[in-house]
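# Observations on the three-dimensional arrangement
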Amino acid sequence: QVQLVESGGGLVQTGGSLRLACAVSPSISSIDAMTWYRQALGKERELVAVISPSGRTYYPDPVKGRFTVSRDNAKNTLFLQMNSLKPEDTANYLCTAGPHSEPERYWGQGTRVTVSS
């Protein structure tokens, strides 16, 4: 059974940066695409970033140019570098992953990011 554990969240001021991590156990070798989502209180879950096994990435407009997703297969870890943070980035950030047939099979519990104005 694959487990995902997010870390790196916290409280940061507007304009600050955070780097989130998503540790995959026991191994990232069976994982296809990996995705970051976020969910703010009272709002629907929102896609933040996607990275393919080859390193291709996708970002929606609200985070494009500010967030960077990467994966270190040797460390079995997915990262999300978040710069120029805004109060509207405040949310619980979750990572998801899975095989090609079901790319969002596994979910972590999330790590909370709070951006103060």
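Above: the structure in question.
Our subject in this report is the structure included herewith. (Residues numbered from 1 in each chain as written. Predicted model: local features only at pLDDT ≥ 70, side-chain atom pairs only at ≥ 80, totals over all residues. Heavy atoms only, no water.)

Glancing now at the overall build of the protein chain. Broken down by element type, the protein chain carries zero helices and 11 strands. Counting from the amino terminus, helix and strand elements in the protein chain follow one another as β-β-β-β-β-β-β-β-β-β-β. The C-alpha radius of gyration of the protein chain comes to 13 Å, within 12% of the 13 Å expected for a compact globule of 117 residues. Counting the 117 residues in the protein chain, one finds 45% classified as buried. In the protein chain, once contacts between residues fewer than 6 apart in sequence are set aside, the share between residues at least 24 apart is 52%. Split by element, the accessible area of the protein chain, about 6300 Å² in all, is 48% carbon and sulfur. Charge separation in the protein chain, taken as the distance between the mean sites of 12 positive and 10 negative side-chain charges, equals 4 Å. (Helix = DSSP H or I, 4+ residues; strand = E, 2+ residues; numbered from the N terminus. Rg over C-alpha atoms; globule rule 2.2 N^0.38 Å. Buried < 20%, exposed > 50% of the residue type's maximum accessible area, 1.4 Å probe, protein only. Contact = heavy atoms within 4.5 Å. Areas by Shrake-Rupley, 256 points an atom, 1.4 Å probe, with all protein chains shown as cover. Lys, Arg positive; Asp, Glu negative; His and termini not counted. Charge placed at Lys NZ, Arg CZ, Asp CG, Glu CD.)

A few words on the packing of aromatic side chains. If you walk through the whole model with that rule in mind, you get one aromatic pair. Directly above the aromatic system of Phe79 lies the positively charged group of Arg19, at a separation of 3.9 Å from the ring centroid. Positioned above the aromatic ring of Tyr37, the side-chain terminus of Arg45 is 5.4 Å from the ring centre. (Phe/Tyr/Trp six-rings, centres within 6.5 Å; stacked < 30°, edge-to-face > 60°. Lys NZ or Arg CZ within 6 Å of the ring centre and 35° of its normal.)

This part covers the environment of Thr111. Mapped onto the fold, Thr111 is located in strand β11 (residues 111–116). With relative accessibility at 9%, the residue Thr111 sits in the buried group. The spatial distance from the C-alpha of Thr111 to the C-alpha of Cys95 is 9.3 Å, given a sequence separation of 16 residues. Leaving out residues up to four positions away in the same chain, Thr111 has contacts with Glu6, Ser7, Gly8, Gly9, Leu20, Ala91, Asn92 and Tyr93.

Quick look at the side chain of Arg66 now. The residue Arg66 is located in the loop between β6 (57–58) and β7 (67–72) in this model. Of the polar contacts made by the side chain of Arg66, one reaches the side chain of Asp89; its length is 2.7 Å. Non-local contacts of Arg66, meaning those with residues more than four positions away in its chain, are made with Gln81, Met82, Asn83, Ser84, Leu85, Lys86 and Asp89. (Polar contact = N/O pair within 3.5 Å; in protein donor to acceptor, adjacent residues only side chain to side chain.)

What follows concerns the pairing of strand β9 (residues 91–97). The element β9 is largely enclosed, with a buried count of seven among its seven residues. In terms of strand pairing, β9 meets β11 through three bridges, oriented antiparallel. Bridging from a neighbouring strand, Ala91 pairs with Val113 of β11. Where β9 meets strand β10 (residues 106–107), two bridges bridge the pair, whose relative direction is antiparallel. The residue bridging Ala97 from the neighbouring strand is Tyr106, located in β10. (Pairing = 2+ DSSP bridges.)

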